[in-house]
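Per-entry structural report
Spelled out from the first residue to the last, the chains are:
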Amino acid sequence: MKKILITIMTILCVFGSLSSTHAEQPGLDYKKFGKIATAIVTEDYPGQQVVEYKYVGRERLAENKVVDSFQYEVMVNGQKKIVTVKITHDNSVGKELTIALEEK
């Protein structure tokens, strides 16, 4: 009985650590691609104030290809502009990036 309990506890610990590692990965991606998106916005709108920033979400395009979307509210000469940055990347490799910026 004691061996069964130890085995069950070991399995639960392993699954718990795997699920927490997997759960942390999207957060790391979010931060990494959020920094890239912010750098693009500040480069395209130099000296303009970024008022609001929001992570819109992730869309899966293919098995390993995803799009992370970020939305910014930028004050340009006193007018509010909504800027969306979409970063398409290969989720398995993480090295191929396509960045699209759209202003509304």
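Rules used in this analysis
- Residues numbered from 1 in each chain as written.
- Predicted model: local features only at pLDDT ≥ 70, side-chain atom pairs only at ≥ 80, totals over all residues.
- Heavy atoms only, no water.
- Helix = DSSP H or I, 4+ residues; strand = E, 2+ residues; numbered from the N terminus.
- Buried < 20%, exposed > 50% of the residue type's maximum accessible area, 1.4 Å probe, protein only.
- Lys, Arg positive; Asp, Glu negative; His and termini not counted.
- Salt bridge = Lys/Arg side-chain N within 4 Å of Asp/Glu carboxyl O.
- Contact = heavy atoms within 4.5 Å.
- Core = buried A, V, L, I, M, F, W, Y, C linked by side-chain atoms within 4.5 Å.
- Phe/Tyr/Trp six-rings, centres within 6.5 Å; stacked < 30°, edge-to-face > 60°.

1. Overview of the side chain of Asp90
Secondary-structure assignment places Asp90 in strand 3 (residues 79-90). Of the side chains with opposite charge, Lys65 lies nearest to the buried Asp90, which makes no salt bridge, at 6.6 Å. The residues touching Asp90, leaving out its near neighbours within four places in the chain, are Asn64, Lys65 and Glu96.

2. A few points about the nonpolar core
By size, the foremost hydrophobic cluster in this structure holds eleven residues: Phe33, Ala37, Val41, Tyr45, Phe70, Tyr72, Val74, Val76, Val83, Val85 and Ile87. Mapped by element, the contributors of at least two residues to this core are helix 1 (2-44), strand 2 (65-76) and strand 3. For this core, the leading source of residues is strand 2, giving four residues. When neighbours within four sequence positions are excluded, Ile87 is seen to be in contact with Phe33, Ile36, Ala37, Val66, Val67, Asp68, Phe70, Leu97, Thr98 and Ile99.

3. Observations regarding the pattern of salt bridges
Considering all chains together, one arrives at three salt bridges under this definition. The partner of Arg58 in a salt bridge is Asp68, with the nearest N and O atoms 2.9 Å apart. With a gap of ten residues between them, Arg58 in strand 1 (residues 49-60) and Asp68 in strand 2 connect regions that are remote in the sequence. The class for Asp68 is buried, based on a relative accessible area of 0%. Measuring nitrogen to oxygen at the nearest pair gives 3.5 Å for the salt bridge that ties Lys81 to Glu103. Here Lys81, found in strand 3, pairs with Glu103, found in strand 4 (residues 97-103); they are 22 residues apart in sequence, far enough to count as distant. Judged by its relative accessible area of 21%, Lys81 is partly exposed. Of the residues examined, Glu103 reaches a relative accessible area of 41% and is grouped as partly exposed.

4. Brief notes about the packing of aromatic side chains
Considering all chains together, one arrives at three aromatic pairs under this definition. Centroid distance Tyr53 to Tyr72: 5.1 Å. Interplanar angle 50°. Geometry classified as tilted. With Tyr53 in strand 1 and Tyr72 in strand 2, the pair connects residues that are 19 residues apart, well separated along the chain. Overall, the relative accessible area of 34% leaves Tyr53 in the partly exposed class. Each ring, one from Tyr55 and one from Phe70, has its centre 5.2 Å from the other, and the planes form 50°; the classification is tilted. One end of the pair, Tyr55, is in strand 1; the other, Phe70, is in strand 2, and 15 residues separate them in sequence. Here the aromatic cluster, defined as three or more aromatic residues joined through ring pairs, consists of Tyr53, Tyr55, Phe70 and Tyr72.

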